[in-house]
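# Examining the three-dimensional arrangement
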Amino acid sequence: MVLQLYTDWLSEPCRAVGILLLENNIEHEVHELDVLKGETHTDSYKKINPVGKIPSIVDDDEFNLGESHTIMRYLCESRNLPDHYYPKDIKQRCRVDFWLDWHHTNLRHAALRLIRANVFGPMRNLPQTTIDESRKEGETALQSSLTFMEETLSKNDYLAGGKQLSIADIALVCEVAMFPVYGASTDGYPHVETWLKRLSTEIKCWNQINAKLDQFLASKKQ
Ligand SMILES: N[C@@H](CCC(=O)N[C@@H](CS)C(=O)NCC(=O)O)C(=O)O
């Protein structure tokens, strides 16, 4: 069986994996789950990914893997993708790994707090103190994350340096593309904004991969 991908296209780590698959014409079959309906927590899905999160893949019928960064690293190696995505040179590779690791406790951390405050808060009737605390923590983390990205992107076209995008750019640009969902923006961070615009044309499948997100945002405006 071809590689199986379990995804919800509203999810930023899923879109990152989807971009790498589509940009490189890697044959795969998509299984769409709805995170908001709790479909990642069914017994059958937990056999694929016991953590109950997406994205996940199953390769060669028996190799199950979760965590978007790990999946992207696996695809780069197993499909021998062009070097710029995840360079073989150890020092360049570590520059990419740095950003992937940084992502979890910085921009992703900010995103999770702001999603909880601004999206799940009202949707799930969370207590106001929870909302306020989450928002404060999220806004602080967002500001420091964007400041660091801005500083880096004022010197380099891509986060990890180099002349072409890496999987670190893919992971982080999907996070930034999600900003309108929870009321964040790149205003005041011109180099981050330029990088986002450039990648949104450089990544050929951008519109395809963001179609569900765009639809979701359009429905919120009505
Ligand atoms: N660190 C994980 C994060 C995965 C993750 O948080 N996925 C969310 C969707 S964005 C999910 O599956 N949530 C389901 C749940 O927690 O119930 C990755 O990069 O793959």
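Remember, it's a predicted structure, so these values are computed and weren't measured experimentally.

## Section: the overall build of the protein chain
- Along its length, the protein chain carries 10 helices and 4 strands.
- Ordered by position from N to C terminus, the α and β elements of the protein chain give β-α-β-α-β-β-α-α-α-α-α-α-α-α.
- A globule of 222 residues ought to have a C-alpha radius of gyration of about 17 Å, and the protein chain, at 17 Å, matches this closely.
- By principal-axis analysis of the C-alpha atoms, the protein chain measures approximately 50 × 45 × 30 Å.
- Expressed as a percentage of the 222 residues in the protein chain, the buried residues total 48%.
- Look at the contacts in the protein chain between residues 6 or more apart in sequence, and 65% of them connect residues 24 or more apart.
- Counting only carbon and sulfur atoms, one obtains 51% of the accessible surface of the protein chain, whose full area is about 11,600 Å².
- If you average the places of the 25 positive and of the 32 negative side-chain charges in the protein chain, the two averages end up 3 Å apart.

## Here we look at the packing of helix α7 (residues 167-177) against helix α8 (residues 190-202)
- As a packed pair, α7 and α8 sit with axes 10 Å apart at the nearest point and diverge in direction by 110°. Taken together, the axes of α7 and α8 lie roughly perpendicular to each other. Within the contact between the two elements, α7 uses Asp169, Leu172, Val173 and Val176 and α8 uses Trp195, Leu196 and Leu199.
- Per-class residue counts for the contact of α7 with α8 are 6 nonpolar, no polar and 1 charged.

Definitions and cut-offs
- Residues numbered from 1 in each chain as written.
- Predicted model: local features only at pLDDT ≥ 70, side-chain atom pairs only at ≥ 80, totals over all residues.
- Heavy atoms only, no water.
- Helix = DSSP H or I, 4+ residues; strand = E, 2+ residues; numbered from the N terminus.
- Rg over C-alpha atoms; globule rule 2.2 N^0.38 Å.
- Buried < 20%, exposed > 50% of the residue type's maximum accessible area, 1.4 Å probe, protein only.
- Contact = heavy atoms within 4.5 Å.
- Areas by Shrake-Rupley, 256 points an atom, 1.4 Å probe, with all protein chains shown as cover.
- Lys, Arg positive; Asp, Glu negative; His and termini not counted.
- Charge placed at Lys NZ, Arg CZ, Asp CG, Glu CD.
- Axes fitted to C-alpha atoms, helices over the stretch in contact; angles between N-to-C directions.
- Parallel < 35°, antiparallel > 145°, perpendicular 65-115°, else oblique.
- Nonpolar A, V, L, I, M, F, W, Y, C, P; charged D, E, K, R; others polar.

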